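The lines below spell out each chain.
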Amino acid sequence: MIRKQWKVIFLLFALIASCGLCYAATEPTTLTMTPKVKASEPYDDEIFLNLVTPVISGLNDKTLNSSERIDVQSAYYTIVAMKVSPDFYPIALNTTRLLFYLVSSSEAFEELDKDSGLGTHNKDMRDSLKAQANADRNAAEEAWHSISMLYPNSTLF
C-alpha cells in the first residue's frame, strides 16, 4: 500500500517537473548585453547603423549558415559596447535583440540537424532544444518587426 502511494507521488512529481521544463524552454534565451544609453554627445548612433546595416542587409534567411553567424555575432558584440542616444535606444535595443536571437536560434537548429549531439538520443532534450530554438526565432522575428522599416529591401522574415 505504501509502495503504491510512493509510485503515485513520484509520478505526480515527475509530471510537475516535466511541465516546468516545458514552460522554461518556451521562453527566449535571456539577453544579457545591450547597448548603453549615453546622456550627452557624442553618440555612436551613426557608427551603430553603419556597422549593422550591411550585416542585416546581407542576410536573406532567418536561418544563418556558419559564416553569417560569425558576422552577426561579431556585429552583436561590437554594438553592445556602443553608447547610443536616448532617442535611438529603442532601435538599438531591437537590433541587438535581432542579432542575438538569430545567432541563438540558428545555433540550436544546427544542433538539432546534427547526427550526433545533445538531442540525438534523448527525445526530451531534443524537444526542449527545439522549443528553445523556436522561442528564440520568435523573439528575433518580434525584434525584426520593430526595425524592418530601416531595411525595406531585406526579406529576413
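Residues numbered from 1 in each chain as written. Predicted model: local features only at pLDDT ≥ 70, side-chain atom pairs only at ≥ 80, totals over all residues. Heavy atoms only, no water.

## As for the overall build of the protein chain
Consideration 1: Broken down by element type, the protein chain carries 5 helices and 2 strands.
Consideration 2: Counting from the amino terminus, helix and strand elements in the protein chain follow one another as α-β-α-α-β-α-α.
Consideration 3: When burial is assessed residue by residue, the protein chain has 34% of its 157 residues classed as buried.
Consideration 4: In the protein chain, 81% of the contacts between residues at least 6 apart in sequence involve partners at least 24 apart.
Consideration 5: Here the protein chain displays about 9900 Å² of accessible surface, and carbon together with sulfur accounts for 59% of that area. (Helix = DSSP H or I, 4+ residues; strand = E, 2+ residues; numbered from the N terminus. Buried < 20%, exposed > 50% of the residue type's maximum accessible area, 1.4 Å probe, protein only. Contact = heavy atoms within 4.5 Å. Areas by Shrake-Rupley, 256 points an atom, 1.4 Å probe, with all protein chains shown as cover.)

## Regarding the environment of proline 35
Consideration 1: Here proline 35 is to be found in the loop between α1 (2-25) and β1 (36-37).
Consideration 2: Separated by 58 residues in the primary sequence, proline 35 and leucine 93 have C-alpha atoms spaced 6.7 Å apart.

## Some remarks on unusual backbone geometry
Consideration 1: Residue proline 42 follows glutamate 41 across a cis peptide bond; omega there is 5°.
Consideration 2: With respect to the helices and strands, proline 42 occurs in the loop between β1 and α2 (45-57).

## Section: the environment of serine 74
Consideration 1: Considering the arrangement of structural elements, one finds serine 74 in helix α3 (residues 66-79).
Consideration 2: Exposure remark for serine 74: the relative accessible area of 44% places this residue in the partly exposed category.
Consideration 3: On a C-alpha basis, the gap between serine 74 and leucine 99 in space is 9.6 Å, while along the polypeptide they are 25 residues apart.

## Examining the nonpolar core
Consideration 1: Grouped together as the largest cluster of nonpolar side chains are 29 residues, with contacts concentrated most on Phe48, Ile56, Leu98 and Leu99.
Consideration 2: Mapped by element, the contributors of at least two residues to this core are α2, α3, α4 (89-113) and α5 (123-147).
Consideration 3: With 7 residues, α4 is the single largest residue contributor to this core.
Consideration 4: Residue contacts for leucine 99: discarding those within four places in its chain leaves Val52, Ile56, Val72, Ala75, Tyr76 and Ile79. (Core = buried A, V, L, I, M, F, W, Y, C linked by side-chain atoms within 4.5 Å.)

## A short note on the confidence of the model for the protein chain
Regions with low pLDDT should not have their predicted coordinates read in detail.
Consideration 1: When pLDDT is averaged along the protein chain, the result is 83; 80% of the residues meet or exceed 70.
Consideration 2: Of the regions scoring below 50 in pLDDT, residues 3-25 engages in 5 contacts with residues more than four places distant in sequence or in other chains. (pLDDT = per-residue confidence, 0-100.)

## Some details on α2
Consideration 1: The end-to-end C-alpha separation of α2 is 18 Å, in line with the 18 Å expected for 13 residues at 1.5 Å each.
Consideration 2: Among the residues of α2, Asp45, Phe48, Val52, Val55 and Ile56 are the ones counted as buried.
Consideration 3: The inward-facing, buried residues of α2 abut α3, β2 (83-84), α4 and α5. (Expected span 1.5 Å × (residues − 1).)

## A short note on the pattern of salt bridges
Consideration 1: One pass over the structure, following the stated rule, counts 3 salt bridges.
Consideration 2: Among the salt bridges present, the one from glutamate 110 reaches arginine 69, with a minimum N-O distance of 2.6 Å. Here glutamate 110 is found in helix α4, whereas its partner arginine 69 is found in helix α3, with 41 residues between them in sequence.
Consideration 3: Under the relative-accessibility criterion, glutamate 110 is labelled partly exposed at 36%.
Consideration 4: For arginine 69, a relative accessible area of 9% corresponds to the buried category. (Salt bridge = Lys/Arg side-chain N within 4 Å of Asp/Glu carboxyl O.)

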